[in-house]
Amino acid sequence: MSTSVAYLVGIGVGRREIGGVLTRYPEILGMRVGRIIKPFVDFMVSLGIPRLAIARLIEKKPYILGFGLDEKVKPNVKSLEEFNVRRTSLASIIAQYPDTLVVEKMPQVISLSTGPVLKHVDFFKDCGFSSQQMRKMIVGCPQLLALNIYVMKLSFDYFQVKMKRPLEDLVTFPAFFTYGLKSTVQPRHKMVTGKGLKCSLAWMLNCSDDKFEQRMDYDTIDMEEMEMEPSFDMNSLMQPWSDDSDSDYEDSDDDTD
């Protein structure tokens with residue numbers, strides 16, 4: 001067993017998963033543990049992500065080990081912190097959306113400077129968001145920058161045409177774009193409107209299926225519950241992965257613009 005594989009098994013990567021990990025990202029075999037893999041893992045741990053959660057991320061997306069720690073990862077984390085993303089929020093953001101770590105030109109995107117910006121920012125401009133609104137959305141939900149543009153367009157079209165809600169609702173809850181349109185947004189929206197309820201996007205989406213079913217039995221909506229901030233249970237990441245696709249996120253450059 002190579003030293004890199006032995007190290008990954010040591011932090012919790014399943015022995016049964018190693019074959020798939022190496023098939024998808026064989027470059028791991030050429031990585032030095034002390035120079036590349038361990039420093040990356042240690043940095044993730046320093047952000048508050050448990051080693052077992054990191055192991056699960058590697059099982060799912062082994063290419064994250066190839067992210068340039070000093071070239072991209074640390075500068076992007078620093079940029080997020082400088083623009084008031086709370087340190088306590090970084091762990092959950094990165095654990096759910098590790099591709100945020102290597103977003104190109106993160107400082108320019110967050111500051112919305114006149115320099116080069118991502119196509120995601122152009123998308124938000126086309127949707128009608130102001131620079132101030134975009135800044136608030138990206139700082140509040142940096143994972144937006146890792147989402148598939150085509151999928152985002154579908155979600156925005158549904159939001160605008162079917163839900164007929166103001167743009168400010170997306171500024172308040174930008175995580176709307178991270179939910180599956182057909183699997184979550186559409187069915188929940190239909191159930192909410194069918195009951196004649198008026199609620200925030202967070203109240204409708206930021207809960208488990210079981211919790212949502214309970215909410216559909218409500219006669220009135222608890223305002224305090226509706227205003228709760230999105231949360232993420234890190235323990236959920238440490239469970240074995242399902243075979244569900246994560247196609248909402250950028251895998252290539254063949255998005256439809």
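Residues numbered from 1 in each chain as written. Predicted model: local features only at pLDDT ≥ 70, side-chain atom pairs only at ≥ 80, totals over all residues. Heavy atoms only, no water.

Counted only if it meets this: UniProt positions are given in the numbering used here, feature names are shortened, and annotations may be inferred rather than shown by experiment.
Quoted straight from UniProt, the Sequence similarities (unreviewed entry) entry for the protein says "Belongs to the mTERF family."

### Some remarks on the overall build of the protein
Just so we agree on the cut-off: Secondary structure follows DSSP: runs of H or I at least 4 residues long count as helices, runs of E at least 2 residues long count as strands, and numbering of each begins at the N terminus. Accessible area is worked out with a 1.4 Å probe on protein chains only. A residue is then buried under 20% of its type maximum, exposed over 50%, and partly exposed in between. Residue burial considers only the protein chains on display, and all accessible areas are found by Shrake-Rupley using a 1.4 Å probe.
Each helix and strand counted, the protein has 16 helices and zero strands in total. Expressed as a percentage of the 257 residues in the protein, the buried residues total 48%. On the protein, roughly 13,500 Å² of surface is accessible, and the fraction owed to carbon and sulfur atoms is 50%.

### Regarding the packing of helix H2 (residues 15-24) against helix H4 (residues 51-60)
Helix packing for two helices is described by the angle between their axes and how far apart those axes are. Convention followed: What counts as an axis is a line fitted to C-alpha atoms, over the stretch in contact for a helix, and the angles between N-to-C directions run from 0 to 180 degrees. Here the angle decides the label: under 35 degrees means roughly parallel, over 145 means roughly antiparallel, 65 to 115 means roughly perpendicular, and every other value means oblique. We call two residues in contact when some of their heavy atoms are within 4.5 Å. Any residue that is not Ala, Val, Leu, Ile, Met, Phe, Trp, Tyr, Cys, Pro, Asp, Glu, Lys or Arg is counted as polar, Gly included; the first ten are nonpolar and the last four charged.
Put simply, H2 and H4 touch, their axes get as near as 8 Å, and they point 55° apart. One finds that H2 runs oblique with respect to H4. Residue-level contacts link Glu17, Val21 and Arg24 of H2 to Ile58, Glu59 and Lys60 of H4. Across the contact of H2 with H4, the residue classes tally to two nonpolar, no polar and four charged.

### Focus: the pattern of salt bridges
Inclusion rule: Salt bridge criterion: a side-chain nitrogen from Lys or Arg within 4 Å of a carboxyl oxygen from Asp or Glu.
Per the stated rule, a full pass over the model turns up six salt bridges. Measuring nitrogen to oxygen at the nearest pair gives 2.8 Å for the salt bridge that ties Lys38 to Asp42. Of this pair, Lys38 and Asp42 are both found in helix H3 (residues 33-46), four residues apart, which corresponds to roughly one turn of the helix. The exposure class of Asp42 is partly exposed, given its relative accessible area of 27%. A salt bridge links Arg165 to Asp169; the shortest N-O distance between them is 2.8 Å. Judged by relative accessible area, which is 22%, Arg165 ranks as partly exposed. Within the structure, one salt-bridge network assembled from shared partners comprises Lys38, Asp42 and Arg51.

### Points about the state of the cysteines
The condition is simple: Disulfide assignment relies on a single distance test, namely cysteine sulfur atoms paired within 2.5 Å.
Using the criterion set out here, one finds zero disulfides in the structure. Of all cysteine sulfurs in the structure, the one in Cys207 sits closest to Cys199, which takes part in no disulfide; the separation is 9.5 Å.

### Here's the deal with the nonpolar core
To keep it simple, the criterion reads: Joining through side-chain atoms within 4.5 Å is the link that ties buried Ala, Val, Leu, Ile, Met, Phe, Trp, Tyr and Cys residues into a set, and such a set is a nonpolar core.
With 38 residues, the main nonpolar core has Phe124, Phe129, Leu170, Phe176 and Phe177 as its most contacted residues. When contributions to this core are tallied by element, the ones reaching two or more residues are helix H8 (119-127), helix H9 (131-140), helix H10 (149-163), helix H11 (167-172), helix H12 (181-194) and helix H13 (201-205). Top contributing element to this core by residue count: H10, with six residues. Apart from the residues within four sequence positions on either side, Phe177 is in contact with Phe123, Phe124, Met137, Leu144, Leu147, Met152, Ser155, Phe156 and Leu170. Val5, Met44, Ala55 and Phe67 belong to the second largest nonpolar core, which has 36 residues in total.

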